[in-house]
Structure formats: structure tokens, C-alpha cells
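# A structural walkthrough
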Amino acid sequence: MFKVQGLKPLHGKIKVQGAKNAVLPMMAVSLLTEGRTEIRNVPRISDVFLMAEILRDLGCQVMFQDDVLEIDASGLSGTVISEKTVGKMRSSSLLLGPLLSRAGEVTTWYPGGCVIGKRPIDFHLDVLRAMGAEILDDGGMLIAKAKKLCGTTFRFPYPSVGATENALMAAALASGTTKLLNCAREPEIMELCSFLRSMGAKISGERTGTITVDGVEKLFPTDHVTAGDRICAGTYLAAAAAAGGEIEITGVDPVVLVEPLKALRKMGAGIRISGATGPKARIGMVMERRPAGVEIDTGPYPGFPTDLQSVFLAVEAAGSGESRFKETVYEARFEAAMRLAAFGADVSLHKDTAIIRGRYPLVPGIAETPDLRGGAALLVAALAADGLSVISDSGHLKRGYEDIGRDLRKLGADIEEDEL
């Protein structure tokens with residue numbers, strides 16, 4: 001549970017954690033090799049701990065100290081992922097491809113995680129079937145087998161990030177060449193391809209949306225430094241936009257934040273990029289006025305990330321104009337928008353679109369976190385509320401943020417967390 005005293009401008013510098021959405025597929029791909037793989041700059045979040053638990057259950061050795069994760073999959077002995085563990089995180093579906101490729105079979109369940117829509121894994125299953133896997137759905141339990149996965153040509157009906165990642169991992173050791181069309185192009189896909197290449201995989205074309213994978217006989221252990229978390233960076237920039245003030249973000253490449261930074265500029269924020277390119281760059285932001293209204297459509301990268309929709313919507317709830325947000329990725333991602341009513345927000349929903357009429361200050365509210373990013377949105381709204389707000393169920397936030405309360409306090413927010 002978080003207690004937030006609002007109307008405290010944010011000031012200071014902060015380095016963002018490693019990217020959650022990059023680390024989880026790299027943990028899964030570690031199953032494809034025998035030996036010790038080392039991943040650095042790993043965030044200490046519950047999704048990482050859960051994936052580590054799954055890997056241990058499968059017979060892997062996993063050590064996690066500070067921000068360094070070591071995985072040795074030499075002793076892989078299991079192919080069954082428990083329903084209890086799968087129900088806690090959607091990313092467990094990323095183990096389908098690696099286990100089929102390495103062990104020839106896997107038994108799992110439809111995944112859980114945040115409730116933000118249907119989020120089917122049909123595309124994951126379809127591409128694996130195209131590579132020769134036999135998959136049986138037995139009342140929600142998935143039983144998949146493949147003597148040897150084979151290269152294929154497959155077009156994704158939608159550029160799904162998870163399905164693209166699963167296909168890449170399965171194709172790396174498949175027999176022959178796999179050509180994947182209409183792939184996701186998120187930065188995390190680029191990073192996974194780079195990671196796989198460092199293990200000996202032959203992959204090309206990931207920046208074009210058409211990826212070619214020439215299967216190899218064997219992959220080798222590697223070490224890697226994870227990129228900064230663009231969604232975490234966007235969250236803290238949004239927090240400063242709602243609260244006002246001046247902050248500096250480091251540890252993330254500004255290139256992966258083009259659309260969020262564009263939206264912040266339209267709101268009236270002053271954005272300054274300095275220093276070297278890449279993760280050594282510094283993103284400075286000054287917000288001296290109430291955010292102006294904007295129009296945002298979410299979409300696959302390089303579009304505006306759906307993971308930041310609810311957070312930026314919360315900023316505009318405390319803005320000075322009218323804004324429109326159209327959600328094109330997940331049909332149920334407006335749960336946080338409805339809960340902003342507890343803070344006096346003026347939000348109306350029309351199918352896939354939210355209309356927000358900004359008002360400031362918001363009123364202090366009491367609300368329960370609906371999901372990971374929705375929880376961050378409620379915290380952002382609380383920063384712009386005149387009084388003490390209470391946000392319950394901080395467990396969702398721990399799935400993607402190492403310690404969002406700590407980080408906001410570093411920037412001057414008046415926020416406390418009580419463990420219930």
C-alpha cells in the first residue's frame with residue numbers, strides 16, 4: 001500500500017533499471033545452451049524472480065546477486081511448468097519455443113499476469129505448429145511435442161512481441177531456414193536478436209519486420225548487459241509532467257522513447273537530450289505549466305507504447321485541456337482510466353477511446369491497483385492531488401518496477417509504502 005501526499009514538484013536525477021521486457025526472453029533463451037549465461041543490469045522485480053523459479057523447477061541452476069543473473073541450463077531435467085507458477089505471469093509462455101527446441105516437449109498452461117484484455121497466445125502456437133510441433137489443448141493445459149523443429153515461412157497476423165520472440169528462439173536451432181514476416185520491431189526484439197547472435201545464432205533483418213533465421217546445430221553461453229527500461233523511464237518522466245518540476249533520466253537510450261518524448265513536448269514539457277548517444281545519454285525534462293491536451297494512438301513500435309497509455313492518461317487527467325487516447329493493442333487497458341474517477345478525474349470512455357478533460361489539482365483518492373501499468377498511473381494521479389491518497393495492492397507494481405516508491409522519493413515525492 002502506498003500513501004502519497006500530492007502537489008510536491010519533482011527534482012533530481014535518476015538512473016532507470018534494466019528492461020523487464022528484455023530480460024525475461026533472454027532468461028528463456030538460456031535454455032537453448034549448456035553452460036553459464038550471465039545477464040547484467042537485471043532488475044530485481046517479481047517477474048524475474050518468478051521466471052528464475054520456473055527455470056530452477058526445470059533443473060537449471062540460477063544465481064541472482066545484485067543486478068547480475070547467472071543461469072546454467074546444463075542440468076535441464078524437466079519439461080512441465082506448473083499451473084500455479086504459469087498463472088502468475090504471462091511471460092512463462094516464452095518457454096514454449098526453447099523447451100520444444102531443446103527437449104522436444106513441454107507441458108504448460110495458458111498464462112496469467114495482468115488482466116488487460118484477452119491477450120491470446122494463438123500466434124505463439126500457430127508459428128510453432130508451422131515449424132512442426134504438435135500441440136494439444138486439454139482444458140487449458142497445453143501439451144506440445146516435436147521431434148525436430150523445421151524451418152518455415154510464417155506471417156504473423158499481427159506484430160506480436162511475444163510470438164515473435166518465441167519464434168526466434170524456436171528457429172535458432174531448427175533444421176533449415178525460417179522466414180518470419182510482419183514481426184514485431186520493439187527494441188526488446190532487437191536486443192533478443194543481438195543476444196541470440198552472441199550465442200552463435202544466425203539472424204538477420206530484425207529492423208525491417210521480416211526476420212530470417214538460419215538454424216544452427218548448437219548455441220553457446222554468453223554474457224550480456226541489459227538495456228535500460230524504456231517504460232520505467234517513461235513512467236518517471238510522466239510523473240514529473242504531472243507533478244511539475246525538473247528531472248534528469250539516465251540509463252536508457254532516448255531513441256527508444258521517440259513517441260513518448262514527442263507527446264511530452266506537445267504537453268509543454270521542455271526536453272533536453274545531452275551526453276553520448278545510447279544508454280549513456282541524459283534526458284532532462286522541465287515542466288513549468290499544466291500539461292496541454294494531446295491526442296495519442298497506441299500501436300506497435302515505433303508507435304506510442306501501450307504500456308505507457310494509462311500513465312500518460314493520468315498526466316492529462318491533471319492537465320489543462322482536453323485529450324483523446326485511442327487504445328489499439330489491448331481492449332481492456334482502460335481499467336486504470338475508470339479508477340481515476342477516485343481522484344476526481346473527468347474521463348469518459350467510448351469503446352477504444354478515452355476522452356479526458358484536465359482539471360487541477362485532482363482530489364486525494366483511495367484506489368486499488370488494477371494491473372502493473374495501471375498501478376503506476378494511479379501513483380502519477382496521486383502526485384497531482386491536493387492531499388493524501390492511498391493506493392492499495394502494490395504487488396502488481398513489483399512485477400515491473402524494482403522500487404517505484406524509492407525512485408519517486410529520490411526525486412522528491414512524498415510517498416510511503418506500508419507492507420500489509
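Overview of the structure. (Residues numbered from 1 in each chain as written. Predicted model: local features only at pLDDT ≥ 70, side-chain atom pairs only at ≥ 80, totals over all residues. Heavy atoms only, no water.)

## Concerning the environment of Ala263
As for its position among the elements, Ala263 is in helix H9 (residues 258-267). On the basis of relative accessible area, Ala263 is assigned to the buried category, the value being 6%. Each C-alpha atom of the pair Ala263 and Phe312 lies 8.8 Å from the other, and the pair is 49 residues apart in sequence. For Ala263, the residues in contact, after removing those within four places along its chain, are Val294, Ile296, Phe304 and Phe312. (Helix = DSSP H or I, 4+ residues; strand = E, 2+ residues; numbered from the N terminus. Buried < 20%, exposed > 50% of the residue type's maximum accessible area, 1.4 Å probe, protein only. Contact = heavy atoms within 4.5 Å.)

## Description of the pairing of strand S5 (residues 68-72)
Burial along S5 is one-sided: the face carrying Leu69 and Ile71 is buried and the face carrying Val68, Glu70 and Asp72 is not. Where strand S3 (residues 36-40) lies against S5, four bridges are found, and the strand directions are antiparallel. In the sheet register, Ile39 faces S5, and the bridge partner there is Leu69. Between the end of strand S4 (residues 61-65) and the start of S5, which pair antiparallel, lie two residues, with Asp66 showing a positive phi angle near 55°. (Pairing = 2+ DSSP bridges.)

## Some details on the layout of surface pockets
Looking at the second largest pocket, its volume works out to about 510 Å³. What lines the second largest pocket is a set of 22 residues, and nearest its centre among them are Pro187, Met190, Arg207, Asp253 and Val256. It is helix H7 (residues 187-198) that provides the largest number of residues to the lining of the second largest pocket, a total of six residues. (1 Å grid on protein atoms, 1.4 Å probe; cavity = no way out; pocket = protein on both sides within 12 Å on 5 of 7 lines; lining within 4 Å. Points joined across faces, edges and corners; volume = space filled by probe spheres on them.)

## Re the environment of Thr369
Within the fold, Thr369 resides in the loop between strand S21 (366-368) and helix H12 (372-383). The buried category is assigned to Thr369, whose relative accessible area is 3%. As for Thr369 and Leu397, which are separated by 28 residues in sequence, their C-alpha atoms are 8.2 Å apart. When near neighbours in sequence (up to four residues on either side) are disregarded, Thr369 contacts Arg339, Gly375, Leu378, Ile391, Ser392, Asp393, His396 and Leu397. One polar contact links the side chain of Thr369 to the main-chain carbonyl oxygen of Ser392, over a distance of 3.0 Å. One polar contact links the side chain of Thr369 to the main-chain carbonyl oxygen of Asp393, over a distance of 3.3 Å. (Polar contact = N/O pair within 3.5 Å; in protein donor to acceptor, adjacent residues only side chain to side chain.)

## As for the sheet that holds strand S16 (residues 282-287)
Strands sit in the order S2-S14-S16-S15 across an open sheet of four strands; the sheet is mixed. Of all the strands in the sheet, just strand S2 (10-15) and strand S15 (270-274) have a single pairing partner and so form its edges. Direction aside, neighbouring strands of the sheet carry axes that sit 10° apart on average. In the sheet, S2 pairs with strand S14 (residues 245-250) via six bridges, with the strands oriented parallel. (Axes fitted to C-alpha atoms, helices over the stretch in contact; angles between N-to-C directions.)

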